Amino acid sequence: MAALIRGLAGRRCPSPRCLGAGLFRETLGRAPWRLLRGTAALLSGAGRTLLTSGRAQHTEAPGPVEVDLKRLEGEDNGIVEVLMRRLKARNALGHVFVSQMTELVSTLAHESLVRVVIFRSLVPGVFCAGADLKERALMNNTEADLFVHGLRSLMTQIALLPMPSIAAMDGVALGGGLELALACDLRVAACSAQMGLIETTRGLLPGAGGSQRLPRMVGVTLAKELIFTGRRVGGQTALEMGLVNRAVDQNEAGDAAYREALSLAREILPQVLELFFSASSHPPTPPPP
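All of the points below concern the structure found in this document. In this text the structure is predicted, and so the values were computed from the model without any measurement.

### Here's the deal with the overall build of the protein chain
Move 1: Secondary structure assignment for the protein chain yields 10 helices and 12 strands.
Move 2: Looking at the protein chain as a whole, 51% of its 289 residues qualify as buried.
Move 3: Within the protein chain, residue pairs in contact and separated by at least 24 positions form 68% of the contacts whose partners lie at least 6 positions apart.
Move 4: Total accessible area on the protein chain is roughly 14,000 Å²; 53% of this is exposed by carbon and sulfur atoms.

### A short note on unusual backbone geometry
With the exception of glycine, the majority of residues adopt a negative phi angle, and the majority of peptide bonds are in the trans configuration.
Move 1: If you check the backbone angles, Arg90 has positive phi at about 55° while not being a glycine.
Move 2: Structurally, the position occupied by Arg90 is in the loop between β4 (79-84) and α3 (95-108).
Move 3: One non-glycine residue, Asn91, lies in the positive phi region at around 60°.
Move 4: Mapped onto the elements of the fold, Asn91 is located in the loop between β4 and α3.

### Some thoughts on the nonpolar core
Move 1: Counting 50 residues, the largest nonpolar core has Met101, Phe119, Phe127, Ile158, Met195, Leu214 and Leu243 as its most contacted members.
Move 2: Ignoring sequence-local partners within four residues, the contact set of Met101 consists of Val67, Val82, Met84, Phe119, Leu154, Ile158 and Leu180.
Move 3: Formed by 17 residues, the second largest nonpolar core is a distinct cluster that contains Val188, Leu262, Leu264 and Ile268.

### Description of the environment of Ala181
Move 1: Along the chain, Ala181 turns up in helix α6 (residues 176-183).
Move 2: Along the sequence, Ala181 and Ile166 sit 15 residues apart, while their C-alpha atoms lie 7.9 Å from each other.
Move 3: When residues no more than four places from it in sequence are discounted, the contact partners of Ala181 are Phe127, Ala167, Met169 and Arg187.

### A few points about the sheet that holds strand β7 (residues 165-169)
One key point about sheets: their strands pair by backbone hydrogen bonds, in either a parallel or an antiparallel sense.
Move 1: Across the sheet, which stays open at both edges, the 6 strands sit in the order β3-β4-β5-β7-β9-β12 with mixed pairing between neighbours. The strands lining the two open edges of the sheet, one partner per strand, are β3 (67-71) and β12 (246-248). Ignoring strand direction, the axes of neighbouring strands in this sheet form an average angle of 20°.
Move 2: The sheet contact formed by β4 and strand β5 (residues 116-121) spans 6 bridges and is parallel. Paired with Val80 across the strands is Val117, a residue of β5.
Move 3: Along the sheet, α3 makes contact with β3, β4 and β5, crossing β3 at roughly 30°.
Move 4: Contacts between α6 and the sheet are confined to β4, β5, β7 and β9 (186-190), with β7 contributing the most and set at about 145° to the helix.

### Considerations on the layout of surface pockets
Move 1: Volume-wise, the largest pocket comes out at about 490 Å³.
Move 2: Looking at which element gives the most residues to the lining of the largest pocket, the answer is helix α4 (residues 133-137), with 3 residues.
Move 3: The class makeup of the residues in the lining of the largest pocket is 14 nonpolar, 5 polar and 8 charged.

### Concerning the sheet that holds strand β6 (residues 126-128)
Move 1: With mixed pairing, 4 strands are arranged side by side in an open sheet as β6-β8-β10-β11. The open sheet is flanked by β6 and β11 (233-234), the only strands paired with a single partner.
Move 2: Docked against the sheet, α6 engages β6, β8 (172-174) and β10 (194-196), running at close to 95° with respect to β8.

### Digging into α6
Move 1: Within α6, 8 of the 8 residues are buried, leaving the element largely enclosed by the surrounding structure.
Move 2: Within α6 the residues assigned to the buried category are Gly176, Gly177, Leu178, Glu179, Leu180, Ala181, Leu182 and Ala183.

### A few points about the pattern of salt bridges
Move 1: Applying the stated criterion across every chain, the model contains 11 salt bridges.
Move 2: Note that Asp132 and Arg86 form a salt bridge whose closest N and O atoms lie 2.9 Å from each other. Remark: Arg86 occurs in the loop between β4 and α3 and Asp132 occurs in the loop between β6 and α4; sequence separation between them is 46 residues. Summarising the burial analysis for this pair, Asp132 and Arg86 share the class buried.

### What about the pairing of β7?
Move 1: β7 sits mainly inside the fold: 5 of its 5 residues count as buried.
Move 2: As paired strands, β7 and β9 are joined by 4 bridges and run parallel to one another. Bridge pairing in β9 places Met169 opposite Ala189.

### Section: the environment of Ala193
Move 1: Here Ala193 is to be found in the loop between β9 and β10.
Move 2: Owing to a relative accessible area of 2%, Ala193 belongs among the buried residues under this scheme.
Move 3: Separated by 20 residues in the primary sequence, Ala193 and Ala173 place their C-alpha atoms 7.6 Å from one another.
Move 4: Setting aside its immediate chain neighbours within four residues, Ala193 contacts Met169, Asp170, Gly171, Val233, Gly234 and Gly235.

So, how was this worked out
Residues numbered from 1 in each chain as written. Predicted model: local features only at pLDDT ≥ 70, side-chain atom pairs only at ≥ 80, totals over all residues. Heavy atoms only, no water. Helix = DSSP H or I, 4+ residues; strand = E, 2+ residues; numbered from the N terminus. Buried < 20%, exposed > 50% of the residue type's maximum accessible area, 1.4 Å probe, protein only. Contact = heavy atoms within 4.5 Å. Areas by Shrake-Rupley, 256 points an atom, 1.4 Å probe, with all protein chains shown as cover. Core = buried A, V, L, I, M, F, W, Y, C linked by side-chain atoms within 4.5 Å. Pairing = 2+ DSSP bridges. Axes fitted to C-alpha atoms, helices over the stretch in contact; angles between N-to-C directions. 1 Å grid on protein atoms, 1.4 Å probe; cavity = no way out; pocket = protein on both sides within 12 Å on 5 of 7 lines; lining within 4 Å. Points joined across faces, edges and corners; volume = space filled by probe spheres on them. Nonpolar A, V, L, I, M, F, W, Y, C, P; charged D, E, K, R; others polar. Salt bridge = Lys/Arg side-chain N within 4 Å of Asp/Glu carboxyl O.

Next comes the structure, spelled out in structure tokens:
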């Protein structure tokens, strides 16, 4: 078992259920943008999101709005929230959800006025339940492979955002849901939240970067234990492990982690603004000829 994470990258799993096999080797330093082209047909039908001043606007393309944006104003200007709102499927990572989030994240990466991004859920008790296994069951092997690569590319895009990102976990974050949180720079969790890379309990393996990012957060030995067992941990335990930055008691509204994440974003905001203005007033010196 000790060599599992190192060895699986070169093996092909005979079972179509092992969609994560071979994905443990991840190049986090570059985004595999070309893989998104292959997923275009899979992700078609999603409503496209266009950013306007101060709000999100969607075209009339068919499909529900599963991921949206909210730009804060006033003293919080510069903070943007990515809102996950796939209520019936507990924010499961399906075609439409992934397509809409990919487009929003790609847009945010080029928004010069965005200073801090908060990923939060509007579904009570849930951050993100992970992959949509019902949709996955309808895919053939080629489609499933393309979808997993597109999902991993999305996580890489989040990790490469040029501004600080915070995951506000007020509920369960399982499998790909935790991988999404791991792709963020910082994580805040309610003590009642449950999180874990549970893919092994379903005959799968983490395929969207979790096997690479989790060891960087908690250490290789503990990460192996969590992945091999598929164990879920609460917010307080996650804090003690170093998996999250802050853990807070849940409130009656069920948004304690979001409120703490917003407080953290407000702490970060003036520092990011200072860095921005400092860089603007002191442009880099060009290299000598």
